[in-house]
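Descriptive structure summary
This is what each chain is made of:
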Amino acid sequence: MKLKFYELAEAVDAQNNFEQFPNIELTGIEFDSRKIEAGNIFLPLKGERDGHDYIDKAFENGAAVTLAEVGVENHPYILVEDCLAAFQKLAAYYVEKTQVEVVAVTGSNGKTTTKDMIDSVLSTTYKTYKTQGNYNNEIGLPYTILHMPDGTEKLVLEMGQDHMGDIHLLSDIAKPKIAVITLIGESHIEFFGSREKIAQGKMQIADGMYQGIFVVPADKIINKFLPDNQKIVRFGPNEDIYIDNLVEHKDYLEFEVNFLDTKLIVPLPGKFNATNAMLAAYVGKVLGVKEHEIRSGLENIQLTKNRTEWLVASNGADILSDVYNANPTAMRLILETFQAIPENTDGAKAVVLADMKELGEDSSKYHEQMITAIDPDKIDRLYLYGQEMEALVEYAKDIFPKGHLKFYRKDDEVDELDELINDVSNDLEANDQILLKGSNSMNLNKVVEKLL
């Protein structure tokens, strides 16, 4: 980050006499005093602890200046009304200062994978930076902007939402040139009340755009929210952009798209990832990436950890791990993919499903309905874990033979995760395939770690 002290003060509308301090060059910004390096700005946020209590520690570690909501003695500081709001204002200023082109991505499913794919495609041609990990909220997005390397040409930002207005704020900060919505599903429906409200919130990704390109699914639920001041590109069968000749393999996909002449190969399972890759390819084409580079970028994708991936257990069994998050759409898609893959010779197929969180008052219904995505002729053993999954047990027990369905409690009184881990570990044979899917808070990553 390249920024001078007085420039910072003016960008955040400093309320104190900042010119009493020297106009030095600043090197970065951190809200964790332990990460502060020489020349950094310290950002004292208020959470479980008040960052203002760590200002002295930040300066011991090399801070050059701190933002603050109160006067600070013995250290250079910039007084602001709200440190978080100042942080966001600084990020918006820095986007404008650097003139970096922003590609924004959101969606109920696939936004992180699509973000990674877009970055992989664009980085073949441009100096590119992307959202790291899950830094996709009101703190993570400005942090990403202010940590992009000097000279970054394309910035790929993931935008998440928990409540209405979240994405409006992020779009207003980032001012994207291209915005992409992967899918409108049920994520966080507990806080929105309906899928239509989720769609309305996701569509706010265009709020910060000026005559940009808005890539959205062919889902009628978003039609009433389409802006009239952007170029709208719809994707899906017979739409503006679409997939042709898709062939699914166990651990890769090959397909064509209507806007490229080359066949694309993606080293990931699941036809939903063909859609994600198509979106990345389209962004690349719009931004001038050559076709052979688009293909190369997709073939060499490096995904954020814990997204859908094939792993190999210590005994040689195949693991399809998708344990970062879960909602009904995502769970159906990964079940469809797993059940379509041929069994290994002399092997069985096992599935571990854990609770899907934040589904609101209809959570039990969403879990019950998952029975329509499960084919007992293609799954040999089903393990269900969690309080919400108990609703699915009542239906699954009617279609699975005795001993082929197991349920493990997780509620305020009991957590049978250890029993689940032991049973799955003991049951899994070398030629088996196993799928694990559940919300991150259900800790299915611990089952995966044990199997590995």
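What this report covers is the structure whose coordinates are included nearby. (Residues numbered from 1 in each chain as written. Predicted model: local features only at pLDDT ≥ 70, side-chain atom pairs only at ≥ 80, totals over all residues. Heavy atoms only, no water.)

A few points about the layout of surface pockets
Rules: With a 1 Å grid spanning the protein atoms alone, the term cavity applies to any set of points in which a 1.4 Å probe fits but cannot get out, the term pocket to an open set with protein on both sides within 12 Å along at least five of seven lines, and the term lining residue to any residue with an atom within 4 Å of a point. Grid points are joined across faces, edges and corners, and a volume is the space filled by probe spheres set on the points. Amino acid classes used here: Ala, Val, Leu, Ile, Met, Phe, Trp, Tyr, Cys and Pro are nonpolar; Asp, Glu, Lys and Arg are charged; the rest, including Gly, are polar.
The space that makes up the second largest pocket amounts to roughly 370 Å³. Lining the second largest pocket we find 13 residues, and of these Phe31, Asp32, Arg49, Gly51 and Tyr54 sit closest to its centre. Split into classes, the residues belonging to the lining of the second largest pocket amount to five nonpolar, three polar and five charged.

Some remarks on the pattern of salt bridges
Defined as follows: Salt-bridge detection follows one rule: a side-chain nitrogen of Lys or Arg within 4 Å of a carboxyl oxygen of Asp or Glu. Numbering goes from the N terminus for both helices and strands, where a helix is a DSSP run of H or I of at least four residues and a strand is a run of E of at least two. The rule is simple: take the accessible area with a 1.4 Å probe, protein chains only, and divide by the maximum for that residue type; under 20% is buried, over 50% is exposed, in between is partly exposed.
Under the definition given, this model contains 25 salt bridges. The salt bridge involving Asp116 is made with Lys130; its shortest N-O contact spans 2.9 Å. Of the two residues, Asp116 is situated in helix H4 (residues 111–122) and Lys130 in strand S8 (residues 128–130); the sequence distance between them amounts to 14 residues. The class for Lys130 is buried, based on a relative accessible area of 15%. Here Asp355 and Lys357 are joined by a salt bridge, their closest N and O atoms 3.8 Å apart. Residues participating in the shared-partner salt-bridge network are Lys115, Asp116, Lys130 and Glu158.

Topic: the sheet that holds strand S9 (residues 154–158)
Selection criterion: Should DSSP find at least two bridges between two strands, the strands are taken to pair. Axes, fitted as lines to C-alpha atoms, cover a helix only where it is in contact. Angles between the N-to-C directions of the axes lie from 0 to 180 degrees.
Across the sheet, six strands lie side by side as S8-S9-S7-S10-S11-S12; this open sheet has parallel pairing. Of all the strands in the sheet, just S8 and strand S12 (231–235) have a single pairing partner and so form its edges. The sheet shows a mean angle of 15° between the axes of neighbouring strands, taken without regard to direction. Across three bridges, strand S10 (residues 178–181) lies against strand S11 (residues 213–217) in parallel orientation. Bridging from a neighbouring strand, Ala179 pairs with Phe214 of S11.

Concerning the sheet that holds strand S5 (residues 65–68)
Spatial strand order, S3-S4-S5-S6: four strands in an open sheet with parallel pairing. Strands at the two margins of the open sheet, each flanked by one partner only, are strand S3 (28–30) and strand S6 (77–79). Going from strand to strand, the sheet's axes swing by 25° on average, the running direction of each strand aside. When strand S4 (residues 40–42) meets S5, the two strands line up parallel, connected through two bridges. Residue pairing across strands places Ile41 opposite Val65, the latter belonging to S5.

Focus: the pairing of strand S16 (residues 309–312)
Where S16 lies against strand S17 (residues 318–322), four bridges are found, and the strand directions are antiparallel. Note that in S17 the partner of Glu309 across the bridge is Ser321. In sequence, S16 turns back onto S17 through a hairpin of five residues, with Gly316 there showing a positive phi of about 100°.

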